[in-house]
Amino acid sequence: CLNAAKAHKMLVANPAVGVILPRVERGEMSTIKPADVLQLQNADLYESEPLFPCILLMVYTGLRRGEAMALRWSDIDLENATLVVQREIVKVAGGTIYQSPKTRNSNRLVPFGDTLKSILLDHKRRQELLIKSAKGYRDQNLVFARETGNPYYPDSMRKILHRILAKAGLENVRVHDLRHTCATLLMLSGVHPKIVQEMLGHSNINVTLGIYSHTMPSMKRSAADSISNLIDSSKPAESKNNPEKFK
């Protein structure tokens, strides 16, 4: 780096010091509404779309595309309904490789509910039947694998997602918006931002709050209503304040 070059007297000064970096503008974020998530789930595309359960998993857990596509069955504890993120798959020249997740916080334990547990159990059963009947299947213990047992290319997810959404009668969203959908639904459900941060593997809570600040107005309204409801519920019954009672 330039500081090292300066320390070794290869440069008199670091020319990058004082440079003002341009502000990074985030792309517009889209999310899937709860009713649309249910519509997607009820589309029942398990037979025609092998990555259909992967997409549902990303909605329910907020995993990144590369994290979800790198999952092994050994990473999932179906009995206790948890999964551990330990690696991701990325595209490189000539194919794909597995590597450590994006950040240190990306190595994480993610719990999931009964709905996703049922989806994964059914997917595992279907996959086991495929392995028994398929010729030349190279079992790599992948949760989401092609007909050969090999991993999917990460870039293929975009086209597959759009096809699945069209079949379900829903508008297109980006692959990363599945992650946004999970986080937004968690925040709107009243889950503490710190828990959302840990589930998504953000490096710090400011990232979580910054990205999902669009949920704050409705959360503030819910908070205000909660205070009013709490105070109103503590009011004495009308009969207690009725002067006629004491005549």
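Residues numbered from 1 in each chain as written. Predicted model: local features only at pLDDT ≥ 70, side-chain atom pairs only at ≥ 80, totals over all residues. Heavy atoms only, no water.

Visitor: I'm lost on the overall build of the protein chain in this one. Help?
Guide: Secondary structure summary: the protein chain contains 10 helices and five strands in total. Burial status across the protein chain gives 36% buried among its 247 residues. A separation threshold of at least 6 residues defines the contact pool for the protein chain, and within that pool the share at least 24 residues apart is 57%. Total accessible area on the protein chain is roughly 15,300 Å²; 54% of this is exposed by carbon and sulfur atoms. (Helix = DSSP H or I, 4+ residues; strand = E, 2+ residues; numbered from the N terminus. Buried < 20%, exposed > 50% of the residue type's maximum accessible area, 1.4 Å probe, protein only. Contact = heavy atoms within 4.5 Å. Areas by Shrake-Rupley, 256 points an atom, 1.4 Å probe, with all protein chains shown as cover.)

Visitor: When you look at the pairing of strand β4 (residues 95–99) in this model, what are you seeing that I'm missing?
Guide: Along a regular strand, successive side chains alternate from one face of the sheet to the other. In the sheet, strand β3 (residues 88–92) pairs with β4 via five bridges, with the strands oriented antiparallel. Opposite valine 92, over in β4, you have glycine 95 as the bridge partner. Hairpin geometry of β3 and β4 is characterised by an intervening segment of two residues between the two adjacent antiparallel strands and by a positive phi of about 90° at glycine 94. (Pairing = 2+ DSSP bridges.)

Visitor: Would you explain the pattern of salt bridges in this entry?
Guide: Oppositely charged side chains are able to pair whenever their charged atoms sit close together. In this structure the tally under the stated criterion is 11 salt bridges. Across the pair glutamate 67 and arginine 64 runs a salt bridge, and its minimum N-O distance is 2.6 Å. Each member of the pair, glutamate 67 as well as arginine 64, carries the same accessibility label: buried. Several salt bridges converge on common partners, so that one network encompasses Glu47, Asp122, Arg125 and Arg126. (Salt bridge = Lys/Arg side-chain N within 4 Å of Asp/Glu carboxyl O.)

Visitor: Explain the packing of aromatic side chains here, please?
Guide: Throughout the structure, instances matching the rule amount to one aromatic pair. Look at tyrosine 46 and phenylalanine 52: their rings are 4.9 Å apart centre to centre, the planes differ by 80°, and that puts the pair in the edge-to-face class. Comparing tyrosine 46 with phenylalanine 52 shows no difference in burial state: the two are buried. Just above the ring of tyrosine 98 sits the side chain of arginine 87; from NZ or CZ to the centre is 3.7 Å. A cation over an aromatic ring shows up here: lysine 124 above the ring of tryptophan 73, its NZ or CZ 5.5 Å from the ring centre. (Phe/Tyr/Trp six-rings, centres within 6.5 Å; stacked < 30°, edge-to-face > 60°. Lys NZ or Arg CZ within 6 Å of the ring centre and 35° of its normal.)

Visitor: Explanation requested: the environment of isoleucine 131 in the structure shown.
Guide: Looking at the secondary structure, you find isoleucine 131 in helix α5 (residues 114–133). Among all residues touching isoleucine 131, those that are not within four sequence positions of it are Tyr137 and Asp139.

Note that every value here comes from positions in space, so none of it alone points to a role or purpose.
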